[in-house]
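Fold and geometry: a report
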Amino acid sequence: MGIAIMEPLRGGYLARPLIPEAQAILDTAPTKRSNAEWAFRWLFNDPGIHVVLSGMNDQSQVEENLRIAREGLPHSLSEEETNIIARVQSAFRLSAEVPCTACRYCMPCPEGVEIPKNLLLLNDHHHLPAESRDALFRMRYGMRVTSEQSAARCTGCGACLSKCPQDIDIPSLMREILRLTT
Ligand code: SF4
Ligand code: SF4
């Protein structure tokens, strides 16, 4: 099955200056690339990815993306370059406001709430551009979380609380997500 990537730059977020810890890693990397090129090259490097759907605003962006696609063959990143990207990913994870590790010990929720996915998206919310944060969050949430998995189904029963090794107050974060999505 082919894999098509939507929002490869997360609505432009990855093309802008990143959080300082992540940006510093790219700025000091021996390989000089724009943030957008690093993001595209990481995707093209994966042989499982067939299509990358990216919005472009002008001719220069079309030409730039074509160049990156031509150079970005599967397995074209060096080990050093993949390590740089792994460090950037780690910087984002460490900056996450909710320390969910996606271990899934809290699952299953008796109401069907997909707790780790909800918390992953909540952490994403903190990294979205301030001017469009809530609208982008609502759009992404609607695309990625089904009504059966939604935080709206949380009854606050507390069954998940004692199972979380990170002591995350899951019910209150589900309420926070509900506030952001309604
Ligand atoms: S508190 Fe909410 S998320 Fe946790 S188990 Fe109960 S219904 Fe599920
Ligand atoms: S148990 Fe805690 S850390 Fe693990 S997935 Fe659930 S909320 Fe995240």
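Residues numbered from 1 in each chain as written. Chains lettered and ligands numbered in written order. Predicted model: local features only at pLDDT ≥ 70, side-chain atom pairs only at ≥ 80, totals over all residues.

Around ligand 1, 15 residues are found, and the nearest of them are C109, C154, C157, A159 and C160. The element best represented in the shell around ligand 1 is helix α7 (residues 170–181), accounting for three residues. When its residues are assigned to classes, the shell around ligand 1 shows 11 nonpolar, three polar and one charged. (Near = placed C-beta within 6 Å. Helix = DSSP H or I, 4+ residues; strand = E, 2+ residues; numbered from the N terminus. Nonpolar A, V, L, I, M, F, W, Y, C, P; charged D, E, K, R; others polar.)

Surveying the vicinity of ligand 2 reveals 15 residues, the closest of which are C100, C103, Y105, C106 and C164. Element by element, the count of residues in the shell around ligand 2 is highest for helix α5 (residues 115–127), at three residues. A breakdown of the residues in the shell around ligand 2 according to their chemical character gives 11 nonpolar, two polar and two charged.

Note on placement: A29 falls in the loop between α1 (20–27) and α2 (35–44). Exposure remark for A29: the 17 C-beta atoms within 10 Å place this residue in the partly exposed category. (Buried ≥ 20, exposed ≤ 12 C-beta atoms within 10 Å, placed from the backbone.)

Here the residue pair M107 and P108 is connected by a cis peptide bond, since its omega of 0° sits within 30 degrees of zero. By the element assignment, P108 lies in the loop between α4 (79–94) and α5. For A102, which is not glycine, the phi dihedral falls at a positive 65°. Secondary-structure assignment places A102 in the loop between α4 and α5. Phi is positive for R104, which is not a glycine, with a value near 70°. Judged by C-beta crowding, with 12 C-beta atoms within 10 Å, R104 ranks as exposed.

A word on the packing of α1 against α4. Axis angle and axis distance: for two packed helices, these are the angle between their axes and the distance between the axes, and together they describe the pair. With their axes 8 Å apart at the nearest point, α1 and α4 run at an angle of 170° to one another. Regarding the angle of α1 to α4, the classification is roughly antiparallel. Of the residues in α4, those in contact with E21, A22, I25 and L26 of α1 are I84, R87, V88, A91 and F92. (Axes fitted to C-alpha atoms, helices over the stretch in contact; angles between N-to-C directions. Parallel < 35°, antiparallel > 145°, perpendicular 65-115°, else oblique. Contact = placed C-beta atoms within 7 Å.)

What follows is about the domain arrangement of the protein. For the protein, the domain assignment lists domain 1 (3–94) and domain 2 (115–181). Its C-alpha centre places domain 1 at a distance of 27 Å from the equivalent point of domain 2. (Domains from an automatic or database assignment.)

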